[in-house]
Amino acid sequence: MTLDVGDIHDPTSTAYKKARRKHWKSTRNRPDNVDADWTPFRAAEKKYKAKFPPPDLSSVLDLAAADPSRAEETTRGGWRGRSDAVECTEIFLHDGTGTGDRRKAYVFPGTPGLVLLPSFVPHDEQRRLVRWALRDHARSPNETNLDTHYVLPRQGLWNDYLRVRKGEMQDVEVIPRAVLQVPSPATAEATPEYTQTQAVPPGPRQLISNEPASPDNYAELARTPKLPAPPSQTLRPVPTSSLISKLRWANIGWYYHWGTKQYDFTRGPGEIAGLVRRACKRAVEQIPWARVFAGGEGEDGWGNGGPDWMHWKETYEPDAGIVNFYQTKDTLMAHVDRSEICATSPLVSISLGCAAVFLIGGRTRDDPPTPILLRSGDVVVMSGPACRRAYHGVPRILEGTLPPHLEGGSDEDWEYYEEYLRGTRINVNVRQVFPKGFNPLLDGEGR
Ligand SMILES: O=C(O)CCC(=O)C(=O)O
Ligand SMILES: [Fe+2]
């Protein structure tokens, strides 16, 4: 894996000139009014996605820019936002360490229920989470984007990749399912037919619209047939060492069915790793929820029992999610995560590796989004009815922004993790599908 980071901000650099050439080529025949019907969300995505000229981040909230202990991080790649770019309010987290250390978090008057916890995950825990994501989690029995199309090694693609890099194993080719005629794990369990859709080669997540889930339509959702996606017929065998860069996501907990954008509850709850569960619970326990909802986010949208944030300390229990692996060219389009039966419980999102521009708007793409620069160790919590139903996305991974604390050190094999991370952002995105006390087996009946 080689990476042409260069300095995209320096007009004399090769990286700058290459981006300019590509830009000229791709915009030569573009009509003048191409942006006429873009929604504000789309316009923001386009702005931050642009490779040339590199986007100006002066309207992007970058809280690391005000933190002297993160000074080195904010010089990486020449990408820096501003700590005063967006209106937000500082709040103090409950003391989690018993040392009297009161860490700061931020809430946003425009998006009630959104909480940003800069640098919440300590440096050593960031390393452990990266290792967990690649080595322990992105492998069977957990589903990844590659499983539909390839017969992956049982010991996990990353573990084979490490052995190849260390010269302990040949760089063998991973064979597409279609070549071997091997059904995907999901197919073997389900019906012999495939979904009546076109096979989609491994690539970005498909963002199709779906009906918001709720306790009222749970039974119907649970009954919807969820046929496995068909493997692509056109893929060729790929060496282990190149397939690793095609890893895009790995499922956590309840199995998510991308074809219907619904959870498939018939496949069991799946496990939540201890370190992920602990990190998420720590965030939810330390957030002073009365401060977050102090503006009084009305009674609307909370469901039958009204607002329940005052009980989250006891009732929050993560049970599903996804690990996203973004290469620097990847983006995640505007979307709403509305497949969870519980539409208000906190969604905890942990950023690792390279930094990104995260956009969060409102109920529709017509609401102009707030741009936030997320760096390794930052945690975003999306909670309550307004924020959990807000459009959000990731239009840009910022090249060359691996922070110094993820470089070097003597921990085993870290050089390979570091090399991969130079061009990657990992996002651990964890949700609670069921409200506490909702029994999927009993409560689905008779509704
Ligand atoms: O990568 C991120 O920060 C957000 C990911 C996300 O929105 C999702 O997985 O649904
Ligand atoms: Fe999302």
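Residues numbered from 1 in each chain as written. Chains lettered and ligands numbered in written order. Predicted model: local features only at pLDDT ≥ 70, side-chain atom pairs only at ≥ 80, totals over all residues. Heavy atoms only, no water.

Engineer: Lay out the site of ligand 1 in plain terms, naming residues and giving numbers.
Structural biologist: Neighbouring residues of ligand 1: 14 residues in total, closest N324, Y326, H392, R425 and R431. With respect to ligand 1, the side chain of D337 contributes an N or O atom lying 3.2 Å from an oxygen atom. R425 is positioned with one of its side-chain polar atoms (N or O) 2.8 Å from an oxygen atom of ligand 1. When the free accessible area of ligand 1 is taken as 290 Å², the share hidden by the protein chains comes to 99%. Secondary-structure elements contributing two or more residues to the shell around ligand 1 are strand 9 (320-327), strand 10 (332-335), strand 15 (392-397) and strand 16 (424-431). A total of four residues in the shell around ligand 1 trace back to one element, the largest contributor, which is strand 16. Counted by class, the shell around ligand 1 contains four nonpolar, six polar and four charged residues. (Near = heavy atom within 4 Å. Polar contact = N/O pair within 3.5 Å; in protein donor to acceptor, adjacent residues only side chain to side chain. Areas by Shrake-Rupley, 256 points an atom, 1.4 Å probe, with all protein chains shown as cover. Helix = DSSP H or I, 4+ residues; strand = E, 2+ residues; numbered from the N terminus. Nonpolar A, V, L, I, M, F, W, Y, C, P; charged D, E, K, R; others polar.)

Engineer: Mind laying out the sheet that holds strand 3 (residues 114-117), listing which residues take part and the relevant values?
Structural biologist: With respect to topology, eight strands assemble into an open sheet ordered 1-2-3-14-11-16-9-6, the strand pairing being antiparallel. Edge positions in the open sheet fall to strand 1 (89-92) and strand 6 (249-253), since each of these has one partner strand only. Ignoring which end each strand starts from, the neighbouring axes of this sheet average 20° apart. Two strands pair when backbone bridges link them, and strand 11 (residues 347-353) and strand 14 (residues 379-382) are joined in this way by four bridges, in the antiparallel orientation. Across the sheet, residue I350 finds its bridge partner in strand 14, namely V379. Here helix 3 (residues 123-137) sits on the sheet in contact with strand 6, strand 9, strand 11 and strand 16, set at roughly 95° to strand 9. (Pairing = 2+ DSSP bridges. Axes fitted to C-alpha atoms, helices over the stretch in contact; angles between N-to-C directions. Contact = heavy atoms within 4.5 Å.)

Engineer: Could you give an account of unusual backbone geometry, naming the residues involved and the relevant values?
Structural biologist: Peptide bonds are, in most cases, trans, and in most cases residues other than glycine have a negative phi. F52 connects to P53 through a cis peptide bond whose omega is -15°. In this fold, P53 is placed in the loop between helix 2 (40-49) and strand 1. For the bond running from S140 to P141, omega is 5°, close enough to zero to count as cis. Even without being glycine, S119 reaches a positive phi, approximately 50°. Using a relative accessible area of 17% as the deciding quantity, one classes S119 as buried. (Buried < 20%, exposed > 50% of the residue type's maximum accessible area, 1.4 Å probe, protein only.)

Engineer: An account of the packing of helix 4 (residues 157-165) against helix 13 (residues 414-421) is needed here, citing residue identities and associated values.
Structural biologist: Between two packed helices, both the angle of their axes relative to each other and the distance between the axes serve to describe the pair. Running from N to C, helix 4 and helix 13 point in directions that differ by 110°, and their axes come no closer than 11 Å. Taken as axis vectors, helix 4 and helix 13 run roughly perpendicular relative to one another. Every pair of crossing elements has a handedness; the one defined by helix 4 and helix 13 is right-handed. Across from W158, Y161, L162 and R165 in helix 4, the residues of helix 13 making contact are Y416, Y417, E419 and Y420. Looking at the contact of helix 4 with helix 13 residue by residue, the class counts come to six nonpolar, no polar and two charged. (Parallel < 35°, antiparallel > 145°, perpendicular 65-115°, else oblique. Left-handed = near helix turned anticlockwise from the far one by under 90°.)

Engineer: Please set out the coordination of the iron ion (ligand 2) residue by residue, giving values where relevant.
Structural biologist: Protein coordination at the iron ion (ligand 2) comes from H335 (NE2), D337 (OD) and H392 (NE2), with a distance range of 2.1 to 2.2 Å. Read in sequence order, the donor residues coordinating the iron ion (ligand 2) give the pattern H-x1-D-x54-H. D337 carries the same exposure label as H335, and that label is buried. (Donors = N, O, S within 2.8 Å, 3.2 Å for Na, K, Ca; no water.)

Engineer: Could you give an account of the pattern of salt bridges, with specific residues and numbers?
Structural biologist: Scanning the model with the defined rule gives 26 salt bridges in all. Here E419 and R165 are joined by a salt bridge, their closest N and O atoms 2.4 Å apart. Here E419, found in helix 13, pairs with R165, found in helix 4; they are 254 residues apart in sequence, far enough to count as distant. For E419, a relative accessible area of 27% puts it in the partly exposed group. For R431, the salt bridge goes to D337, with nearest N and O atoms at 3.5 Å. Taken together, the residues span a long stretch of sequence, with R431 in strand 16 and D337 in the loop between strand 10 and strand 11 at a distance of 94 residues. On the basis of relative accessible area, R431 is assigned to the buried category, the value being 8%. The class for D337 is buried, based on a relative accessible area of 8%. (Salt bridge = Lys/Arg side-chain N within 4 Å of Asp/Glu carboxyl O.)

Engineer: Would you mind going over the sheet that holds strand 10 in detail, with residue names and values included?
Structural biologist: Pairing in this open sheet of four strands is antiparallel, and the strands run 10-15-12-13 from one edge to the other. Two strands close off the open sheet at either side, each with one partner strand: strand 10 and strand 13 (370-374). On average, adjacent strands in this sheet sit at an angle of 25° to one another, irrespective of strand direction. In this sheet, strand 15 lies alongside strand 12 (residues 356-360) in antiparallel orientation, the contact comprising four bridges. Looking across to strand 15, one finds that A356 is bridged to I397. Along the sheet, helix 2 contacts strand 10, strand 12, strand 13 and strand 15; its crossing angle with strand 15, the most-contacted strand, is approximately 20°.

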